[in-house]
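# Survey of secondary and tertiary structure
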Amino acid sequence: MSQTDPELLLQELGGWDWELCRRELPAVLPRLLSLYQESEDWTEHIRVLRILTEMFLPHISLADLEQTFFSKVLPKTLQLFDNLMYELSSEAKGLTSQNTELCSTVRHLLQTMVQLLETLTSCVRYVCTLQECVPLESIRTLPSSVLYVIKNTFTHCKDSESVYCGHLHLISDLLQAMFKETYSLQKQLMELLDMISMGSASTEDNITDMVSVIHTVLEICSVISNMDHALHANTWKFIIKQSLKHHSLLQCHLKHSDILSGLCKDTLLSFHSCLQLAEEMKMSEIQEGTDLRLFQKTVKLCRFFANSLVHYTKEFLSFFSDSCSQLHQLFLQIYSKFPPSLYAPEILEVHRDEISRVFLVSLDPLINQLLPFSPFMEQVLSEKLGLPPEQQLPQCLILVTIMDKLSSQPEEVQTLWNTGKSLSLFSALFFSFQQCSGELSLPVCLPEVISTGQPAVPITLYHYVCVHLCSFIASTLPSHFPQLEYALLDAVLGSSMITSLLAMDSWCFLARYGTAELCAHHVVVIAHLIKSWPSDCYQVSALGVLLRRMLFLMAPDHQAKFAHKFLPEEVENLAVWQHISLKALNPDLRKRVACQLCVAGLAQCRRWLNSRRALGELRPVNTALSVLLAACNFAGDALEAELQASVLGVLGQFWTFLQAKQVSDEPRLQQTLCLLLHLLEFFIQALDAKLITQVFALQSSLFQLEDPSWIPPDHVRLAMVDFLSSMGKVFIPQEAQRQVVPQLSCLFASLLADQTWLIHQHALEAFTHFAEETSHEDVVPQCLNSEETKNKVVSFLAKTRQVEETTEARTERMKQERITCSAQFMKMDGELESTGEPLAKRACHPPSEEQYKSAVGTMEGAVEAVKLLLRKGSPPAWLAVKLEALHTAIAILRDSVR
């Protein structure tokens, strides 16, 4: 054996057989290792490494592998690898098809890299053959070294487009070979690591090494996420498997938040890839072939990630206290891009169903696992989420899903969610529902099984939430009723009308589902709230609607007790009875209450009429008129003729002093006018010429005041519309026609031309009703004083739509209206109704980060809306000036935060 010439030594070793290598190992191995350390030539490096791994490694015992071989060979191997990578990156910058010499150099470097990877793979493969369980201390240097090579090689492949400056075609075959060999090396290493044995007595070094392995593989996951589905999935499978396998040893050392973050990120990436493929197939109208197969593979990858999340969360949930926002965001982001979200891409139903059936179903068990976890509850029910518009509906749907699952949970879990820390689940749902104005207005639909055994049918978001909320209320524990009642009342009194309606519907369900005593108790509480409320406001109106509905659900004996508790003849109770439909009462009680209300209401009106008629004292008068209206509407002809005559006589006295200027200046007098008009509808055929003349003179005067900018408020104009509609039943007395008929036609003409769509629509309906019934047929054409009005009436009668809005345009409009609604709700929720008393001083708290995020999100949404409008057509002339002003304002804001 040559003692001096390395080349002769290597040539001589080439002729050695297996037995000779084993026998000479002690003498030859030190010389080979020395030669390997001293070598500077890459080719010689690879040659020596191959001899070491193929001829001498098999003769080293497992116990001696680390000390004798890996600790001495692998550091130099990594140095060789780093040098190769450096040379590759440096030479690749100048790569061109014309520079053949450089091209040859780069290809040679890549070939050397492939040989290095092959050698490492054979080395790992050999260790796998030694025994079933491999102690980690016997191969300590091997995993970290190989993972370093794998990670950097995959990174090189991933960045190849930029590294090789667009000349990939010159080396693509070798780059592909390098990728495949790295793939094989990783697969072989994972097989080896799966054989690692770590008992309960494992040393701290072993635990540290295994944790390092898992964290490095996690880094590899982020590199290969978009490179190969199978590789990506298998890499994650290894992380999950090893984490669970060594659970007891590693649980306190793993970076759980990083692993969870990686899983969530890759789940979202795969999900977005699914949506992109589905969207492309819809646009290309190609539903089969390569794209479909890729779509199906990607959906299955999503399912894999969902299952991985479920398994990992199940084992390490207690370590996720600071990571619940990631899980919450995962659900929000997925559902924000999936139908029925307004922000979801358009995909075919078949693809939507496959994503739902394969992926979303797999994700569902994750919520079950998170329900008992208090930090997750605190995250989901937080008052400071500051979610962007596209995540409001997903938040609402998550809360509904939690409600559906909660009834099957233990009592302590139900208590956790129903009592909450800052918000209860009930309050959170109503708050979240209020934010979904766009989806409710469109409305979006969700599938729901209405009848057992029948397929799911699409129902509106409102219907969907209402059904699930009522189902949840039915399963709510009695001990959680305080939180339920608080949330219902808070929502009823809130600024969102549709949220208030949802609370009323739910409350009425509770009244029907619960005991008669519970219903009676709630009715009394609501009545006391109305009676004690210090001022007229929308909250009282909402309570009044709820009270009216609840009274229909009361048992007859409880209704009688209610009438005894809130005696109709007592003036202080009129504030309650003005909201009640007497149809809810049995006939005998209805007649008695109606008469008592009329007597009390008339007495109140006469007291005011016979006094100095101070406008500041109109509130009880309006209450009395509301009570008279309730009695007339629902008792009808059951009222005695003498009582009806008394009511009409009192009404006539009001019209003698009403003046247009007073009405325009005093909001409560406007309310009085509305009530008077509604009451006159009941007595419409009993009006004399004088009263009809007075009524029309006042209405006309309101449109002819000196201030041209003032018009009667919406509620006054609506009352006028209803009154005009009833005029079709009346023959106007001859002595009043000359004055009344022109005023009637002018009023109809003004209201038909109204720019407020609600009033315009009501005016069309009222005019149609009037035209069908009136005996004054010559008045009808006088009301249509313009060609535009005529066309609108004709279109209304023909049920022709004026403008056909596309689904896309309507959706975009809903998105923009959401911004306006959200701003209005924030404003209304921040204001308290005046009670005539100064408000107590409150501590001034600085705005939260979530409030800033929400405000900036609103600004961004408005910018996107303007961009969309600009793409659709030419902008108005003033837009440039307005944008310049906004630019200046934003610049001032920017400078103020520097």
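Now for a description of the structure that goes with this document.

Cut-off values and rules
Residues numbered from 1 in each chain as written. Predicted model: local features only at pLDDT ≥ 70, side-chain atom pairs only at ≥ 80, totals over all residues. Heavy atoms only, no water. Helix = DSSP H or I, 4+ residues; strand = E, 2+ residues; numbered from the N terminus. Rg over C-alpha atoms; globule rule 2.2 N^0.38 Å. Buried < 20%, exposed > 50% of the residue type's maximum accessible area, 1.4 Å probe, protein only. Expected span 1.5 Å × (residues − 1). Axes fitted to C-alpha atoms, helices over the stretch in contact; angles between N-to-C directions. Parallel < 35°, antiparallel > 145°, perpendicular 65-115°, else oblique. Left-handed = near helix turned anticlockwise from the far one by under 90°. Contact = heavy atoms within 4.5 Å. Nonpolar A, V, L, I, M, F, W, Y, C, P; charged D, E, K, R; others polar. Polar contact = N/O pair within 3.5 Å; in protein donor to acceptor, adjacent residues only side chain to side chain. Core = buried A, V, L, I, M, F, W, Y, C linked by side-chain atoms within 4.5 Å. 1 Å grid on protein atoms, 1.4 Å probe; cavity = no way out; pocket = protein on both sides within 12 Å on 5 of 7 lines; lining within 4 Å. Points joined across faces, edges and corners; volume = space filled by probe spheres on them. Disulfide = S-S within 2.5 Å.

## Regarding the overall build of the chain
- Of regular secondary structure, the chain possesses 41 helices and four strands.
- Relative to the compact-globule value of 29 Å for 898 residues, the chain shows a C-alpha radius of gyration of 40 Å, a clear excess of over 25%.
- The principal-axis extents of the C-alpha atoms in the chain amount to approximately 140 × 65 × 60 Å.
- Relative to its 898 residues, the chain shows a buried fraction of 48%.

## Side note on helix 30 (residues 641-655)
- For helix 30, which comprises 15 residues, the first-to-last C-alpha distance of 22 Å matches the rise-based estimate of 21 Å (1.5 Å per residue) to within 8%.
- Looking only at helix 30, the buried set comprises Leu643, Gln644, Val647, Leu648, Val650, Leu651, Gly652, Phe654 and Trp655.

## Some remarks on the packing of helix 12 (residues 256-284) against helix 15 (residues 349-370)
- Look at helix 12 against helix 15: their axes get within 10 Å of each other, and the N-to-C directions meet at 160°. Here helix 12 lies roughly antiparallel to helix 15, going by the angle between them. The chirality of how helix 12 crosses helix 15 is right-handed. The residues of helix 15 that touch helix 12, namely those facing Thr267, Phe271, Cys274, Leu275, Ala278 and Met281, are His351, Ile355 and Phe359.
- Of the residues in the contact of helix 12 with helix 15, the class split is seven nonpolar, two polar and no charged.

## Some details on the side chain of histidine 59
- Within the element layout of this structure, histidine 59 appears in the loop between helix 3 (42-56) and helix 4 (65-92).
- Accessibility expressed as a relative area gives 15% for histidine 59, which makes it buried.
- Among the polar contacts listed, one links the side chain of histidine 59 to the backbone oxygen of methionine 55, at a separation of 3.4 Å.
- In contact with histidine 59, other than residues within four places in its own chain, are Trp18, Cys21, Arg22 and Leu25.

## Remarks on the nonpolar core
- Ranked by size, the top nonpolar core spans 299 residues in total, and within it Tyr164 and Trp417 carry the most contacts.
- Tallying contributions element by element places helix 5 (residues 100-128) first for this core, with 15 residues.
- Discounting chain neighbours no more than four positions away, the residues touching tyrosine 164 are Leu88, Ala92, Leu95, Val106, Leu110, His156, Ile171 and Leu175.

## A few points about the layout of surface pockets
- Each pocket or cavity is described by its volume, and for the second largest pocket that value is around 1500 Å³.
- In this structure, the second largest pocket is lined by 47 residues; those nearest its centre are Cys537, Val540, Ser541, His579 and Gln671.
- Broken down by secondary-structure element, the contributors of at least two residues to the lining of the second largest pocket are helix 23 (497-513), helix 24 (516-532), helix 25 (538-552), helix 27 (574-577), helix 29 (618-635), helix 32 (667-682) and helix 34 (714-726).
- No other element matches helix 29, which puts nine residues into the lining of the second largest pocket.
- Partitioned by chemical class, the residues of the lining of the second largest pocket number 24 nonpolar, 17 polar and six charged.

## As for the state of the cysteines
- Applying the stated criterion across every chain, the model contains zero disulfides.
- For cysteine 519, which is in no disulfide, the shortest distance to another cysteine sulfur is to cysteine 508 and amounts to 8.3 Å.
- Given a relative accessible area of 1%, cysteine 519 falls into the buried group.

## Some remarks on the side chain of threonine 141
- Tracing the backbone through its elements, the reader meets threonine 141 in helix 6 (residues 141-158).
- Not counting residues up to four positions away in its chain, the partners in contact with threonine 141 are Glu66, Phe70, Ser71 and Leu74.

## A word on the packing of helix 23 against helix 25
- At a minimum axis separation of 10 Å, helix 23 and helix 25 run at an interaxial angle of 25°. Comparing their axes, helix 25 and helix 23 come out roughly parallel. The chirality of how helix 23 crosses helix 25 is right-handed. Residues Ser500, Leu501, Met504, Asp505, Trp507, Cys508 and Ala511 of helix 23 form the contact with helix 25, whose participating residues are Ala542, Val545, Leu546, Arg549 and Met550.
- Of the residues that constitute the contact of helix 23 with helix 25, the class distribution is nine nonpolar, one polar and two charged.

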